[in-house]
Amino acid sequence: MNNAAFDEFAESLSKLLPPGVDALKSDFERNARMALQSVLTKMDLVTREDYEVQSRLLERTREKLTDLEARVKSLEEQAGLSSTED
């Protein structure tokens, strides 16, 4: 989550405060934002971008593994060896 999302969330929460507590509004928003950031930091979340990068890397690795398995099988067949594990 970016800072704008934290700000928006804190502002939304502050709108739920009853009238007449405007003096506490900025204090409440700041504390709500800090509390939310603290909770999300402890959750050890990754960004969407990092997740997408790792997903693409995993997909390429799977493709390479499949290609290598096919090459090994082909070489084994050419050498007259048979694989007992499939």
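Here, the structure is the one placed above.
The structure reproduced in this document is the subject of the present report. Each chain has its residues counted from 1, following the order in which its sequence is written. Predicted model: local features are reported for residues with pLDDT of at least 70 only, side-chain atom pairs are reported and counted for 80 or more only, and whole-chain, interface and lining totals are derived from all residues. The side-chain quantities take in all heavy atoms of the structure and omit both hydrogens and water.

It is worth spelling out the overall build of the protein chain at this point. Along the backbone of the protein chain there are 3 helices and 0 strands. In this scheme, a residue with accessible area under 20% of its type's maximum is buried, one over 50% is exposed, and one in between is partly exposed, where area comes from a 1.4 Å probe on protein chains only. Taking all 86 residues of the protein chain together, the buried fraction comes to 7%. Per element, the accessible surface of the protein chain, about 7,700 Å² overall, is 55% carbon and sulfur. Put simply, DSSP marks the helices as runs of H or I at least four residues long and the strands as runs of E at least two long, and each gets a number from the N terminus on. Residue exposure ignores everything except the shown protein chains as possible cover, and the areas themselves are Shrake-Rupley values with a 1.4 Å probe.

The subject of this paragraph is the pattern of salt bridges. Here a salt bridge means any side-chain nitrogen of Lys or Arg lying within 4 Å of a carboxyl oxygen belonging to Asp or Glu. As enumerated under the stated definition, the model contains 2 salt bridges in all. Measuring nitrogen to oxygen at the nearest pair gives 3.3 Å for the salt bridge that ties Glu-52 to Arg-48. Of this pair, Glu-52 and Arg-48 both sit in helix H3 (residues 48-78), 4 residues apart, which is roughly one turn of that helix. Accessibility expressed as a relative area gives 31% for Glu-52, which makes it partly exposed. Close ionic contact of Glu-59 with Arg-62 constitutes a salt bridge, the shortest N to O distance being 4.0 Å. Here Glu-59 and its partner Arg-62 are both found in helix H3, 3 residues apart, which amounts to about one turn of the helix. Residue class for Glu-59 comes out partly exposed when judged on its relative accessible area of 38%.

On to a nonpolar patch on the surface, then. A residue counts toward a patch only above 30% relative accessible area and without a salt bridge, and it is joined to like-charged neighbours within 9 Å or, for Val, Leu, Ile, Met, Phe, Trp and Tyr, to nonpolar neighbours within 5 Å. Nonpolar side chains collect at one region of the surface, where Val-39, Met-43 and Leu-45 lie side by side and expose about 300 Å² of accessible area between them. Inspection of the secondary structure assignment puts Val-39 in helix H2 (residues 22-42). Of the residues examined, Val-39 reaches a relative accessible area of 45% and is grouped as partly exposed.

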